[in-house]
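Here is how the chains run, residue by residue.
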Amino acid sequence: MSTDSSRRIQVPDELKEVLLQFSISYLVEQPPDLIDFAADYFNKLQANRPATGSTDNTADDNQSVNSQEGDAEPPAVQSTRRKSVFAEAYDPEADDDDDGATAVFPKTDEQRARLIESVKNVLLFRSLEKEQMNQVLDAMFERKVQPGDFIIRQGDDGDNFYVIESGIYKVYINDKHISTYTHTGLFGELALLYNMPRAATVQAETVGLLWAMDRQTFRRILLKSAFKKRKMYEELLNSVPMLKALQNYERMNLADALVTKTYEDGERIIKQGDAADGMYFIEEGTVSVRMDQDDSEIEISQLGKGQYFGELALVTHRPRAASVYATGGTVKLAFLDTDAFERILGFLTDVLKRNILMYEQMFTEMARRNTNL
Ligand code: CMP
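What counts and what doesn't
- Residues numbered from 1 in each chain as written.
- Predicted model: local features only at pLDDT ≥ 70, side-chain atom pairs only at ≥ 80, totals over all residues.
- Heavy atoms only, no water.
- Buried < 20%, exposed > 50% of the residue type's maximum accessible area, 1.4 Å probe, protein only.
- Helix = DSSP H or I, 4+ residues; strand = E, 2+ residues; numbered from the N terminus.
- Arc of directions from axis to C-beta.
- Polar contact = N/O pair within 3.5 Å; in protein donor to acceptor, adjacent residues only side chain to side chain.
- Axes fitted to C-alpha atoms, helices over the stretch in contact; angles between N-to-C directions.
- Left-handed = near helix turned anticlockwise from the far one by under 90°.
- Contact = heavy atoms within 4.5 Å.
- Nonpolar A, V, L, I, M, F, W, Y, C, P; charged D, E, K, R; others polar.
- Pairing = 2+ DSSP bridges.
- 1 Å grid on protein atoms, 1.4 Å probe; cavity = no way out; pocket = protein on both sides within 12 Å on 5 of 7 lines; lining within 4 Å.
- Points joined across faces, edges and corners; volume = space filled by probe spheres on them.
- Near = heavy atom within 4 Å.
- Areas by Shrake-Rupley, 256 points an atom, 1.4 Å probe, with all protein chains shown as cover.
- Core = buried A, V, L, I, M, F, W, Y, C linked by side-chain atoms within 4.5 Å.
- Salt bridge = Lys/Arg side-chain N within 4 Å of Asp/Glu carboxyl O.
- Phe/Tyr/Trp six-rings, centres within 6.5 Å; stacked < 30°, edge-to-face > 60°.
- Lys NZ or Arg CZ within 6 Å of the ring centre and 35° of its normal.

Peer 1: Let's hear about helix H9 (residues 338-345): which residues, and what values?
Peer 2: Turning to H9, its buried residues are Ala-340, Phe-341, Ile-344 and Leu-345. Along the axis of H9, the buried positions cluster into a sector of 105 degrees, meaning they face one direction only. Structurally, the start of H9 carries an N-cap: the backbone nitrogen of Asp-339 is 3.1 Å from a side-chain oxygen of Asp-337.

Peer 1: Mind laying out the packing of helix H6 (residues 215-238) against helix H7 (residues 248-257), listing which residues take part and the relevant values?
Peer 2: For the pair H6 and H7, the least separation of the axes is 9 Å and the interaxial angle reads 115 degrees. Viewed along their axes, H6 and H7 form a crossing whose handedness is right-handed. Touching Lys-229, Arg-230, Tyr-233, Leu-237 and Asn-238 of H6 are Arg-251, Met-252, Asn-253, Leu-254, Ala-255, Asp-256 and Ala-257, all from H7. When grouped by side-chain class, the residues that make up the contact of H6 with H7 number six nonpolar, two polar and four charged.

Peer 1: Describe the sheet that holds strand S3 (residues 160-166), and please don't skip the residues or the numbers.
Peer 2: Strand pairing in a sheet relies on backbone hydrogen bonds. The paired strands run either parallel or antiparallel. With antiparallel pairing, the four strands of this open sheet are ordered in space as S1-S8-S3-S6. Two strands close off the open sheet at either side, each with one partner strand: strand S1 (141-145) and strand S6 (186-187). Pairing of S3 with strand S8 (residues 208-214) involves six bridges; the strand directions are antiparallel. Counterpart to Ser-166 in the pairing with S8 is Leu-209.

Peer 1: Report on empty space enclosed by the protein, specifying residues and quantitative values.
Peer 2: Counting across every chain of the model gives one cavity of 30 Å³ or more. Of the voids in this model, the largest cavity is the one considered here, and its volume is about 40 Å³. As for the largest cavity, its lining consists of Leu-123, Leu-124, Ser-127, Ser-225, Ala-226, Lys-229 and Asp-256. Ranked by residue count, the leading element in the lining of the largest cavity is H6, at three residues. Taken together, the residues that form the lining of the largest cavity break down as three nonpolar, two polar and two charged.

Peer 1: Please provide a residue-by-residue account of the site of the ligand, values included.
Peer 2: With respect to spatial proximity, 18 residues lie near the ligand, and among them Gly-188, Glu-189, Ala-191, Arg-198 and Ala-199 are the closest. For the ligand, an oxygen atom lies 2.8 Å from a polar atom in the backbone of Gly-188. One of the side-chain nitrogen or oxygen atoms of Arg-198 is found 2.7 Å away from an oxygen atom of the ligand. Calculation on the ligand without its partners gives an accessible area of 450 Å², and the protein chains cover 98% of this total. Looking at the shell around the ligand, the elements with two or more residues in it are strand S4 (168-173), strand S5 (176-182) and helix H5 (189-194). Its residues assigned to classes, the shell around the ligand comprises 13 nonpolar, three polar and two charged.

Peer 1: An account of the nonpolar core is needed here, citing residue identities and associated values.
Peer 2: In terms of nonpolar packing, the biggest core is built from 47 residues, with Phe-125, Met-140, Phe-161, Tyr-169 and Phe-187 touching the most fellow members. Tallying contributions element by element places H6 first for this core, with six residues. The next biggest cluster of nonpolar side chains, apart from the first, holds 24 residues, and it includes Tyr-233, Leu-314, Leu-345 and Leu-348.

Peer 1: Would you mind going over the pairing of strand S12 (residues 296-303) in detail, with residue names and values included?
Peer 2: Note that strand S11 (residues 278-293) and S12 share seven bridges and pair antiparallel. Bridge assignment links Ser-288 to a residue of S12, and that residue is Gln-302. Linkage of S11 to S12, two consecutive antiparallel strands, is achieved through a turn of two residues, within which Asp-294 is found at a positive phi near 50 degrees.

Peer 1: I'd love a proper account of the sheet that holds strand S7 (residues 201-204), names of residues and values included.
Peer 2: If you trace the four strands from one edge of the open sheet to the other, you get S2-S7-S4-S5, paired in antiparallel fashion. The open sheet terminates on both sides in strands that have one partner only, identified here as strand S2 (150-152) and S5. Within the sheet, the average angular offset between the axes of one strand and its neighbour, ignoring direction, is 30 degrees.

Peer 1: I'd like a rundown of the pairing of S1, residues and numbers included.
Peer 2: For a regular strand, side chains alternate in direction, first toward one face of the sheet and then toward the other. Where burial is concerned, most of S1 is hidden: four out of the five residues are buried. As paired strands, S1 and S8 are joined by five bridges and run antiparallel to one another. Among the inter-strand pairings, Phe-141 is bridged to a residue of S8, identified as Ala-212.

Peer 1: Let's hear about the pattern of salt bridges: which residues, and what values?
Peer 2: Tallying each qualifying case throughout the model produces 11 salt bridges. Residue Glu-110 pairs with Arg-114 through a salt bridge whose shortest N-O separation is 2.7 Å. One end of the pair, Glu-110, and the other, Arg-114, are both in helix H3 (residues 109-119), four residues apart, so they sit about a helical turn from each other. When its relative accessible area of 47% is taken as the criterion, Glu-110 is described as partly exposed. A salt bridge links Asp-159 to Arg-198; the nearest nitrogen and oxygen atoms lie 3.0 Å apart.

Peer 1: Give a description of the packing of aromatic side chains that names residues and reports values.
Peer 2: What the rule picks out here adds up to 12 aromatic pairs. Arranged with centres 5.1 Å apart and planes meeting at 80 degrees, the rings of Tyr-41 and Phe-42 form a pair that is edge-to-face. Judged by relative accessible area, which is 32%, Phe-42 ranks as partly exposed. A network of ring pairs unites the aromatic residues Tyr-162, Tyr-169, Tyr-181 and Phe-187 as a single cluster. The side chain of Lys-261 reaches across the aromatic face of Phe-335, ending 4.0 Å from its centre. When the ring centre of Tyr-325 is taken as origin, the NZ or CZ atom of Arg-290, which lies over that ring, is 4.3 Å away.

Given below as structure tokens:
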């Protein structure tokens with residue numbers, strides 16, 4: 001058989017990029033009909049195509065934000081958008097979208113205090129070092145919005161990333177209302193993380209206040225850590241059946257919130273009777289679930305990769321019902337704290353409650369076995 005690579009068909013970079021961007025948009029939005037979505041996507045792409053010969057499509061970027069007179073505007077530090085970054089798989093390490101300038105917006109003590117309060121729960125910032133966090137705080141600037149303002153329009157290039165201090169914001173995909181942010185949360189990170197067009201439109205319902213960060217700063221400080229984290233947990237989160245009920249976008253938010261913890265063989269992870277601080281997804285290894293029985297403990301089950309535990313106490317608001325130990329070697333877990341659990345998985349509580357029935361059956365079986373001993 002011939003192995004002459006010169007006869008292989010060359011896939012042009014432009015085709016790769018267009019198809020990859022389309023695929024990402026499709027996966028993020030999960031529309032009900034692929035063909036309708038594709039028709040709409042490519043029509044919009046054609047309509048928004050910059051004039052031939054122009055490689056600078058940054059000029060009207062800020063029009064997607066209906067800013068107020070007198071608001072601080074970010075300096076024009078953006079470089080050319082949407083380079084051909086999508087090769088076989090997007091690699092942020094190789095995407096050097098950096099011109100060396102970091103914006104600094106001076107703030108009053110009062111502004112800084114409000115900003116710190118607003119970013120307190122931003123999961124994307126969790127893994128930042130202190131120095132990076134200070135850079136983030138310096139680079140953010142305030143933006144007041146009025147009811148009806150379009151902060152982001154689907155299909156635009158990404159200029160800024162936003163953290164909400166106040167206000168209600170509605171999210172639309174293909175003119176369909178998808179979700180609403182009420183006085184908390186962040187948006188606008190996707191286009192900057194994946195170097196793709198805006199996946200959704202975000203419109204203010206009320207007067208509000210946003211903290212914005214320009215694309216350059218976002219990419220310099222946050223891109224690699226956020227991208228890696230989402231990628232790292234992607235496989236795990238896709239393998240947990242309960243999480244199938246989440247939208248792709250919600251699963252990404254969940255990835256931001258997870259923290260990896262490792263335990264050695266025999267180490268206790270959860271102690272029966274303790275107050276609950278979060279739940280765990282098993283990335284690698286096996287755990288043993290045990291309940292107190294007279295003066296000793298008895299194993300009621302073993303759990304492995306892709307399974308989860310510690311959710312019961314979060315759902316029932318009761319102390320831990322059992323202890324959990326690492327068993328058979330090192331165990332790697334992804335931990336989700338109570339706050340993030342309530343914010344992201346709160347609506348899955350009904351699904352989780354079904355497990356309670358299963359646990360009850362397990363406890364009954366355990367009691368039955370003991371009386372037969
Ligand atoms: P970005 O694509 O940069 O701009 C629109 C933003 O809407 C997007 O980033 C997300 O931050 C936010 N958003 C909220 N819900 C969704 C969703 N279901 N799919 C995609 N983006 C969403």
